[in-house]
Amino acid sequence: MSAGRIRERESFALSTQSSAHQSTRNSSADLADWSGSQLLEAYSRRTTSPVDVTKAVIARIEACEPQLQALYAFDPEAALNAAKESEQRWMRGEARALDGIPATIKENIATKGTPVPLGTAARPLVPAADDAPSAARLREDGVVILAKTTMPDYGMLSSGLSSFHPLTRNPWDLSKNPGGSSAGAGAAAAAGYGPFHIGTDIGGSIRLPAAWCGVFGLKPSFGRIPIDPTYYGRVAGPMTRSVRDAALMMTSLTRPDMRDAMSLPYQDLPWLDLNIDIKGLKIGIMMQAGIGMPLDPDIRATVERAAKLLADAGAVIEEVPAFITREMLDGLDDFWRQRAWTDMAPLSDEERGRILPYILQWAEGGKSLTGAEVYSGMNQMMVMRHAAVAATHPFDFVISPVAPCVAYPAELASPIHNPEEPFEHIGYTVAFNMSDQPASSVNAGFTKAGLPIGLQIIGRRFDDLGVLRLSQAWEEMCPDKRPWPKV
């Protein structure tokens, strides 16, 4: 998609912004907080430049990183060089579609020349030979890549705890966890490290940190955004401060890449057409996950309020009964443990000793599983898939909590912090990885203590645009909006 086409689609949204918001846009002190849409408009009008914006974001990072520790391989010199090249393209009238917008990329998404430790001190630091698909698409479109973002060992925690990276913290409360495994991406988005961030998700790893950091996160339909390497249920997706910026990223991230043999056929969807008529939509509400931790009362009240506001806008709201069973979740746990142990078994004792002890103890639970037990676990993932599609098929969309709890202490590996009960908090999210359905986390409000609460919006298979549209509608409706945290 050309820069001109994107700017044309953005013009209506920009024209409707309030004068107060316009004055914020024109404050150079706030350049790090501008949205991608605002930056493209400002670049086209020559009212600011990619260099000015990149300098502002670097200054924000340098001020906040000592507390947040959300980044890996931060390279301000390379970012400024890329910004200068972008500035020249704008001056020549040769701007690319997303030229000059700052971004971060999760550590497990390869960028050429940067090692991919997967969050663990056990892996050798070998520079990646090429950009993975998501990084390649953004770079092709002129995005300024500032850094990679942190993740826990092997991406197997909903936490910012890692044996390789420093402990990542939540910008809303530095004593709290940002979630994971896209830990650094969630923290970076909330702190204003530029508009664009990419995470990955195999059980909730975009939606959980998005919820706990108060940002927007989209887990797209499986195969919508090409990835490399591929794996069952694993996707990459945008994490941003607004739904519109995520939609803007989708114009780039969804372009095809032959390296993903499991990707969907490419569709040139109108990602920036986010209008939706809520009246008459049939929306299910799933308040019970079926297994796991009890639902926090503040989260319950917030999601129920969202349902009431959608009903007041004309939606038909009906209850979705819980469908996840203990057999499903334990089967998935068995399969993932065995998969993790397969990766760790060839390591030397010294190398395994570098892995986060929580993760190593969890993975060791897979080494004694029989072939029949592993097969049974994988089969339960298929049972979960069919149950999710059947439960949600009668509805245009389903809403639910993202997690049963809010952000928890930063030093813990999971809310329960027990490797024998590792997934008691992903009952609302994991099924939609198995079913290939798109699902988002959009901020729905805050606890009495000021911690963000996420609303999950689930669509039918392949209706990513619908999920973005309803997320945008909710973002506009949400009655509890607060300034972004100042670290």
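Residues numbered from 1 in each chain as written. Predicted model: local features only at pLDDT ≥ 70, side-chain atom pairs only at ≥ 80, totals over all residues. Heavy atoms only, no water.

1. Describing the sheet that holds strand β10 (residues 439–446)
- Pairing within the open sheet is mixed, and its eleven strands lie in the order β1-β3-β2-β4-β6-β5-β10-β11-β9-β7-β8. Every interior strand has two partners, whereas the edge strands, β1 (71–72) and β8 (316–319), have only one.
- The sheet contact formed by strand β5 (residues 216–219) and β10 spans three bridges and is antiparallel. Residue pairing across strands places Gly217 opposite Ser441, the latter belonging to β10.
- Across the sheet, helix α9 (residues 243–253) touches β4 (196–201), β5 and β6 (235–240), and the angle it forms with β6 is around 140°. (Pairing = 2+ DSSP bridges. Helix = DSSP H or I, 4+ residues; strand = E, 2+ residues; numbered from the N terminus. Contact = heavy atoms within 4.5 Å. Axes fitted to C-alpha atoms, helices over the stretch in contact; angles between N-to-C directions.)

2. A look at the side chain of Ser49
- With respect to the helices and strands, the residue Ser49 is situated in the loop between α3 (36–45) and α4 (50–68).
- Ser49 sits in the buried class, given a relative accessible area of 11%.
- Sequence-distant contacts of Ser49, that is, excluding residues within four places in its chain, are made with Tyr43 and Glu87. (Buried < 20%, exposed > 50% of the residue type's maximum accessible area, 1.4 Å probe, protein only.)

3. Structural notes on unusual backbone geometry
- For the bond running from Gly180 to Ser181, omega is 10°, close enough to zero to count as cis.
- Looking at the secondary structure, you find Ser181 in the loop between β3 (144–149) and α7 (183–191).
- Going from Asp228 to Pro229, the amide bond is cis rather than trans, its omega being 5°.
- Secondary-structure assignment places Pro229 in the loop between β5 and β6.

4. Quick notes on the pattern of salt bridges
- Going through the model one piece at a time under the given rule, you end up with 28 salt bridges.
- For Arg92, the salt bridge identified is with Glu94, shortest N-O distance 2.9 Å.
- Residue classification places Arg92 among the partly exposed residues on the basis of a relative accessible area of 48%.
- Across the pair Asp312 and Lys308 runs a salt bridge whose closest N-O atoms are separated by 3.1 Å. Residue Asp312 and its partner Lys308 are both found in helix α10 (residues 297–312); the two are separated by four residues, about one turn of the helix. The same class applies to Asp312 as to Lys308, namely exposed.
- Taken together, the shared-partner salt bridges in this structure form one network comprising Arg137, Glu140, Asp141, Arg255, Asp257 and Arg259. (Salt bridge = Lys/Arg side-chain N within 4 Å of Asp/Glu carboxyl O.)

5. Focus: the pairing of strand β11 (residues 452–459)
- Across the eight residues that make up β11, a large majority, eight, are buried.
- Across the two faces of β11 the burial is the same, with Pro452, Gly454, Gln456 and Ile458 and Ile453, Leu455, Ile457 and Gly459 all buried.
- Bridging between strand β9 (residues 397–401) and β11 involves five bridges; their strand directions are antiparallel. Within β11, the position partnered with Phe397 by the bridge is Gly459.
- Of the strand pairs in this sheet, β10 and β11 are connected by seven bridges, and their pairing is antiparallel. By the bridge assignment, Asn443 is partnered in β11 with Gly454.
- The loop that links β10 with its antiparallel partner β11 comprises five residues; one of these, Gly450, has a positive phi angle of about 90°.

6. Things to note about the side chain of Thr200
- Relative to the helices and strands, Thr200 is located in strand β4.
- Relative accessible area serves as the criterion here: at 4%, Thr200 is assigned to the buried category.
- Polar side-chain contacts of Thr200 include one of 2.7 Å to the side chain of Lys106. (Polar contact = N/O pair within 3.5 Å; in protein donor to acceptor, adjacent residues only side chain to side chain.)

Purely spatial values, then, with no claim about function.
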